[in-house]
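Fold and geometry: a report
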Amino acid sequence: MKQLKFDAAVIGGGAAGMSAAAELRSRGCSALVIEREEELGGILMQCIHNGFGLIEFNEELSGPEFAQKIEERAVASGIEALCGTTVLEIRQEGGFHVVYGVSSRHGVVRVEAKAVVLAMGCRERNRGNIRIPGSRPSGVYTAGLAQRLVNIDGYIPGKDVVIIGSGDIGLIMARRLSWSGCKIHGVVEILPYPSGLTRNIVQCLEDFGIPLYLSHLTTNIRGKDRVQGVEITPVENGAVRYDKSFEIPCDTVLLSVGLVPENELSRNLGVEINPATNGPWVDSRLMTNIPGVFACGNVLHVHDLVDYVAEEARRAGAFAADWLAGASPQRELRLKTGSNVRYLNPSKVDPDRENKIYLRSMVVKNGAVLEARIDGRVVKSIKKAHVQPSEMLFLTLGPKDLAEPDQRTASQSAQVEIAIV
Amino acid sequence: MTDRTGRYDVAIIGAGVCGANIARKLSQYELKVALLEKEIDVSLGTSKANSGIVHGGFHDNKKYLKARLELKGALMFERLHDELDFPFERCGIVVVALHEDELRTIEQLYLQGVENGVIGIEMCSRERMLELEPKLSSDTVGGLYAPSGGIVEPYRFVFSLVESARKNGVDLVTEFAAALARREGDDWIITALDGREIRAKYVVNSAGLFADTLSKAFGAEDFAIKPRKGEYYLLDKMTKAKPNRVIFPVPTAVSKGMLIIPTVEGTVLIGPTASAVEDKEDFSTTRVELEKILQSARTMIPSISETDVITSFAGLRPVCGEDFIIELSAKAPHLVQVAAIQSPGLTASPAIGEYVKDLLKKDGLRLVEKPDWDPCVEKVRRARDLSPWELDEMVAKDPAYGDIVCRCERVSEAEIVKAIRAGHTTLDGIKYVTRAQMGRCQGGFCTYKIIKILMRETGMGYEEVTKRGGGSYVLRGEL
Ligand SMILES: Cc1cc2nc3c(=O)[nH]c(=O)nc-3n(C[C@H](O)[C@H](O)[C@H](O)COP(=O)(O)OP(=O)(O)OC[C@H]3O[C@@H](n4cnc5c(N)ncnc54)[C@H](O)[C@@H]3O)c2cc1C
Ligand SMILES: Cc1cc2nc3c(=O)[nH]c(=O)nc-3n(C[C@H](O)[C@H](O)[C@H](O)COP(=O)(O)OP(=O)(O)OC[C@H]3O[C@@H](n4cnc5c(N)ncnc54)[C@H](O)[C@@H]3O)c2cc1C
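Remember, predicted model here, so these are calculated numbers, not experimental data.

Turning our eyes to something else, we now look at the pattern of salt bridges. Applying the stated criterion to the full structure yields 70 salt bridges over all chains. A salt bridge links A:Glu56 to A:Arg73; the shortest N-O distance between them is 2.9 Å. Of the two residues, A:Glu56 sits in the loop between strand 3 (50-52) and strand 4 (61-62) while A:Arg73 sits in helix 2 (residues 63-77), which places them 17 residues apart along the sequence. Residue A:Arg73 is classed as partly exposed on the basis of its relative accessible area of 36%. In this structure, the salt-bridge partner of B:Lys452 is A:Asp153, at a minimum N-O distance of 3.3 Å. Linking B:Lys452 in helix 14 (residues 447-458) with A:Asp153 in helix 4 (residues 143-153), this pair reaches from one chain into another.

Bringing the nonpolar core into the picture now. Core analysis: the largest hydrophobic core is formed by 64 residues, its most contacted members being A:Ile11, A:Leu24, A:Phe66, A:Ile90, A:Val99 and A:Leu118. With eight residues, the top contributor of residues to this core is helix 8 (residues 306-324) of chain A. Among residues more than four places away in sequence, those in contact with A:Phe66 are A:Ala15, A:Leu44, A:Phe52, A:Gly53, A:Glu56, A:Phe57, A:Leu61, A:Val306, A:Asp307 and A:Ala310. If you look at the next biggest cluster of nonpolar residues, it comprises 53 residues, including B:Phe77, B:Phe157, B:Val204 and B:Leu359.

Strand order in the open sheet formed by five strands is 10-19-12-13-14 (chain A), and the pairing between neighbours is parallel. Sheet topology places strand 10 (140-142) and strand 14 (212-213) of chain A at the edges, where each strand pairs with a single neighbour.

Glancing now at the site of ligand 2. Residues and elements named next belong to chain B. In the neighbourhood of ligand 2, 38 residues make up the surrounding shell, with Glu37, Ser47, Ile53, Ile341 and Thr347 lying closest. A distance of 2.5 Å separates an oxygen atom of ligand 2 from a polar atom in the backbone of Ile341. Within the backbone of Gly345, an N or O atom sits 3.5 Å from a nitrogen atom of ligand 2. Calculation on ligand 2 without its partners gives an accessible area of 1000 Å², and the protein chains cover 97% of this total. Contributions of two or more residues to the shell around ligand 2 are made by helix 2 (17-26), strand 18 (309-319) and helix 10 (345-362). Split by residue class, the shell around ligand 2 holds 18 nonpolar, 16 polar and four charged.

Residue and element names in this part refer to chain A. If you check the shell around ligand 1, you find 32 residues, and the closest are Glu35, Arg36, His49, Val87 and Asn298. Contact distances for ligand 1 include 2.8 Å between an oxygen atom and a backbone N or O atom of Ala16. For ligand 1, a nitrogen atom lies 2.8 Å from a polar atom in the backbone of Val87. When ligand 1 sits alone it has 1000 Å² of accessible area, and the protein chains cover 94% of it.

Residue and element names in this part refer to chain B. Counted residue by residue, helix 3 (residues 65-74) has eight buried out of 10 residues, so it is predominantly covered. Turning to helix 3, its buried residues are Leu65, Lys66, Ala67, Leu69, Glu70, Leu71, Gly73 and Ala74. Against the buried residues of helix 3 lie strand 3 (53-54), helix 4 (77-84), strand 19 (325-328) and helix 10.

Another aspect to go through is the domain arrangement of chain B. Residues and elements named next belong to chain B. Taken domain by domain, chain B holds domain 1 (1-88 + 152-225 + 320-379), domain 2 (89-151 + 228-317) and domain 3 (383-464). Averaged C-alpha coordinates put domain 1 and domain 3 at centres separated by 29 Å. Across the boundary between the two partners, domain 1 contributes 10 residues, which contact 10 residues of domain 3. Taken over both partners, the interface formed by domain 1 and domain 3 buries close to 830 Å², and the fraction arising from carbon and sulfur atoms is 56%. Sorting the residues of domain 1 by area buried against domain 3 places Asp41, Tyr155 and Phe159 first, and these three jointly supply 44% of that buried surface. For the interface between domain 1 and domain 3, the tally reads one salt bridge. A salt bridge links Glu153 to Arg435; the nearest nitrogen and oxygen atoms lie 3.1 Å apart.

Thresholds applied
Residues numbered from 1 in each chain as written. Chains lettered and ligands numbered in written order. Predicted model: local features only at pLDDT ≥ 70, side-chain atom pairs only at ≥ 80, totals over all residues. Heavy atoms only, no water. Salt bridge = Lys/Arg side-chain N within 4 Å of Asp/Glu carboxyl O. Helix = DSSP H or I, 4+ residues; strand = E, 2+ residues; numbered from the N terminus. Buried < 20%, exposed > 50% of the residue type's maximum accessible area, 1.4 Å probe, protein only. Core = buried A, V, L, I, M, F, W, Y, C linked by side-chain atoms within 4.5 Å. Contact = heavy atoms within 4.5 Å. Pairing = 2+ DSSP bridges. Near = heavy atom within 4 Å. Polar contact = N/O pair within 3.5 Å; in protein donor to acceptor, adjacent residues only side chain to side chain. Areas by Shrake-Rupley, 256 points an atom, 1.4 Å probe, with all protein chains shown as cover. Nonpolar A, V, L, I, M, F, W, Y, C, P; charged D, E, K, R; others polar. Domains from an automatic or database assignment. Buried area = accessible area lost by both parts, 1.4 Å probe.

Have a look at this one:
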């Protein structure tokens, strides 16, 4: 069995894993990225549309272009990578984290690492997860699988398509398949507003005249061998109006109904998971409850922009390097979700430095204010022209915001509540 | 067909768990046997979608043939498991009473179990039940425990049986939908929908839901099989609600009720419902029935959560009266009927194999044991069962063990290639044999990889790749 030793093992070679590893290297730590696929890049490799990199690189790139730039950075920093290698298990053995991976080239590889960065990305929710009844014909795909089949393998899954869910991947596939000669008969969304980015609604649906059925539930999938149609039903004032159900004939159904962080490896290692994100609970250093195990990117929480993934992963790499050097925060304050906030990441802040916090709104609202409060006292507020659940928000809190007015009462138990009002 | 293979001693129609057990049993003797199946692969009927339980022998009275065969069949699983390498575990069964008055039924079941000779069956207090199954509702008042009950992966059982039968000379003919039968001399000529013919001296009708139509085609007994649908939810391995044993509610007059089943592979199955339907090919799930499942399961284990659901499916019970129909036809010569095999058909199936062999013998079939009959099939090593050290050794022998194709169920390319080479050339076939596409992502990540391997191994074009044969094509065009 091949045996390796590194300061840090990074699980997953997408945007997050590569960025975290590059940061670790630039701070003098040895880092190994382990990636299941034959090449680095992760999910970006199948996103051949533009819309990546405006924040990170100040230019509009396709997914593979963005991945390439990140990879160049990582390679320049001197990371090592094992591709085609699936991580099977992470264990604690004799004071080390030990990562077991397998590939056809090397057999099983055993990597001893002082720190581990989790960057396994996410998977797509599927038909079973949203419990659509009906028969089980061929022709039902998750949108990401269809994207892969079309963009990388060059196959068209079907000609007459209905897309369930108005997530970005589904919207982008509506455009992609329209370009390839398919007819998109509609996008069905249970919520009263679309869950994808506004620019995608305009560019992928409106420009192609594709109907968007908001407040509609998919209530049945029909077809014996291959899909023949989907039944959709309006939702009015919270009631599902089965009396108003109707069918859209089609041969293909694509599901774009959300992503779930892939945390089975983490769970088996004993990492505690936040039910609001399905990702690990992390402290102000993006460290999980297991010392030396960090998380970033889509495995921590689902991001809509890869630029944020890269930013967050860089911080995770830096925190891991600090931890390897023996540094740790003097104290941390707990973050608490206030009104209209679904989750906050991380869940703690270090009052002695700048902290970046990502959060998601539970509401669609114009003219909203993001507020941070300690003991009811507003310490920071930021105006937002518009907030909605599908667009991630962030704010920073630094020593100034988090300083106790009266130093003597400064306590470990102080909480920072963040709300959208 | 007839000119190539000539005349068969026995043709078995239907490759479900009954047909497969009968075929394997007959493969022990110097006989030419054909196993005919209308679908592209075996085990795609009722034997695919059921609860997968080796029943505990206390639900039915011994006056029924089904109870006698259940008791006998249940005892045969250890040996079959050793020989045939399918997932099986004697995990035990509990029946939980949630009200005082249900305890009376529990007692009746207990007495019936004792009378049936069930080993180790016991009545349990509330405390004992909660000790056995700590996740049970605090409303539990007591129950029954049958340690001999078990769980099996039903389709893997059928695949192994068929593999064993084929290894010992049985011909499997798939996509052969038997439609007509006529006598020619002393033989039956069976014609398929596509015109192919098979000649055989004896015929076994184990066509499941369609045994009634088949019976008529042979001019035999007139009975009607009515489908009764059972719907299920499958829960992720990671669910916190997984019990240690199969959990039954107290049965009602019509059914054994909706169960919570820890499957051999670590997932949890909840269901089945019971509703009469008309269409024998209607395997759809319905909103109304699915809602009942979660409700019912939660009365027993309250922590069951809908966020753990990874898929739903339905199976059809072939219903006709109260008991199995397993007999020599009184109207058509040399025809054995194996019909109305509803629950506990899976449990009873190994005993059904023996029983049908005896019926054939009684009807004049000469049985001479093969000296070289080999009861065992090759045990496929599976990446998910191996320690890192064992896996390393396997990769050294066959590098394809190092390519993990299905991440959720940890299935290597080597296992997928083996399944394809054994004749499972559809996405569903590969799924049921290897578990790839069967985990929490339901094929979201691995389907494209499997398509590629399938095309490479078989030389199929993309348009020939199907989910389960027929019109279930997967891809519609190329860019
Ligand atoms: C289909 C899709 C479309 C998107 N479109 C856009 C867009 O238009 N614009 C935008 O800005 N953002 C978009 N995003 C978001 C953005 O691309 C992602 O958030 C980002 O790329 C995620 O990076 P990651 O590194 O966290 O995850 P991933 O890219 O998913 O990387 C995770 C990596 O981990 C590997 N891995 C997982 N488990 C193991 C294991 N056990 N062993 C070894 N390796 C493992 C995987 O193979 C994968 O390569 C999209 C996301 C998706 C899913
Ligand atoms: C919801 C449910 C739960 C159950 N749970 C359990 C349980 O936990 N334990 C238990 O012991 N039993 C259980 N059972 C019962 C068990 O599943 C069945 O008794 C058993 O699978 C029946 O097997 P079979 O071979 O008779 O039928 P099938 O599996 O239906 O096989 C018949 C085969 O014949 C083929 N066929 C049909 N017509 C033709 C034709 N014209 N030509 C060629 N081939 C044809 C079909 O395609 C099929 O493959 C359950 C059943 C259901 C529906």
